[in-house]
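Inside the fold
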Amino acid sequence: QVQLVESGGGLVQAGGSLRLSCAASGSISSPNVMGWYRQAPGKQRELVASITDGGNTKYADSVKGRFTISRDNAKSTVALQMNSLKPEDTAVYYCGAGSYHVLRGYQIRYWGQGTQVTVSS
C-alpha cells in the first residue's frame, strides 16, 4: 500500500553536502513518523534522523549539528540535508515510515530501496 522512494545519493568529498529526498506513495495513519536510517558494510542499521507529523525530531549524536531533517506533510515527502560530510557517513541510506501504536510506540513498517552515499577523504 505504501511505497517509499529515495533519491539524492551520490559521491561527495569530505566537507561537502548532499540532500536526500524520500517520497511516500499512499497514506500513513496519524500520528506517524518518517525517518532516515543508514547501514554501512559489516555494521547494523542505525537511526540517523526522524521526524513525526507533529514536527518532533530526533537525531543520532554523530550527525547533530550537521544533518537536518524536514518534511512536507501535504506532499508526503521527507528530506535530509547533510552538511560537513565525513568519510564515516558513507553508507546506504534508507527512508522509513510508520505509525504510532499506544503499546509499541512508533513502528517502522515501510522501507525504501536505499540510496548509496559515499564520502571520499
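I will try to describe carefully the structure that is included in this document.

Parameters and conventions
- Residues numbered from 1 in each chain as written.
- Predicted model: local features only at pLDDT ≥ 70, side-chain atom pairs only at ≥ 80, totals over all residues.
- Heavy atoms only, no water.
- Helix = DSSP H or I, 4+ residues; strand = E, 2+ residues; numbered from the N terminus.
- Buried < 20%, exposed > 50% of the residue type's maximum accessible area, 1.4 Å probe, protein only.
- Polar contact = N/O pair within 3.5 Å; in protein donor to acceptor, adjacent residues only side chain to side chain.
- Contact = heavy atoms within 4.5 Å.
- Phe/Tyr/Trp six-rings, centres within 6.5 Å; stacked < 30°, edge-to-face > 60°.
- Disulfide = S-S within 2.5 Å.

The residue T115 is located in strand β11 (residues 115-120) in this model. On the accessibility criterion, T115 (12% relative accessible area) is buried. In this structure the side chain of T115 is engaged in a polar contact, spanning 3.3 Å, whose partner is the backbone nitrogen of G9. Apart from the residues lying within four places of it in its own chain, the contact partners of T115 are E6, G9, L20, A91, V92 and Y93.

Of note, the bond from S30 into P31 is cis; its omega dihedral lies within 30 degrees of zero at 0 degrees. Relative to the elements of secondary structure, P31 occurs in the loop between β3 (18-25) and β4 (32-39). Of note, S84 is a non-glycine position whose phi angle comes to about 50 degrees, a positive value. Within the secondary structure, S84 is located in the loop between β8 (77-82) and β9 (91-101).

All told, the structure shown has two aromatic pairs when counted by the stated rule. For the ring pair Y37 and W111, a centre distance of 5.0 Å and an interplane angle of 70 degrees mean the geometry is edge-to-face. With Y37 in strand β4 and W111 in strand β10 (residues 105-111), the pair connects residues that are 74 residues apart, well separated along the chain. Residue Y37 is classed as buried on the basis of its relative accessible area, which comes to 15%.

The final tally for this structure, using the stated rule, is one disulfide. Residue pairing for C22: its cysteine sulfur links by disulfide to C95, the two sulfurs lying 2.1 Å apart. Classification of the bridge connecting C22 and C95 rests on its S-S torsion, roughly -80 degrees, and on that basis the disulfide is left-handed. With C22 in strand β3 and C95 in strand β9, this residue pair connects regions lying 73 residues apart in the sequence. According to the relative accessible area criterion, C95 is buried, its value standing at 0%.

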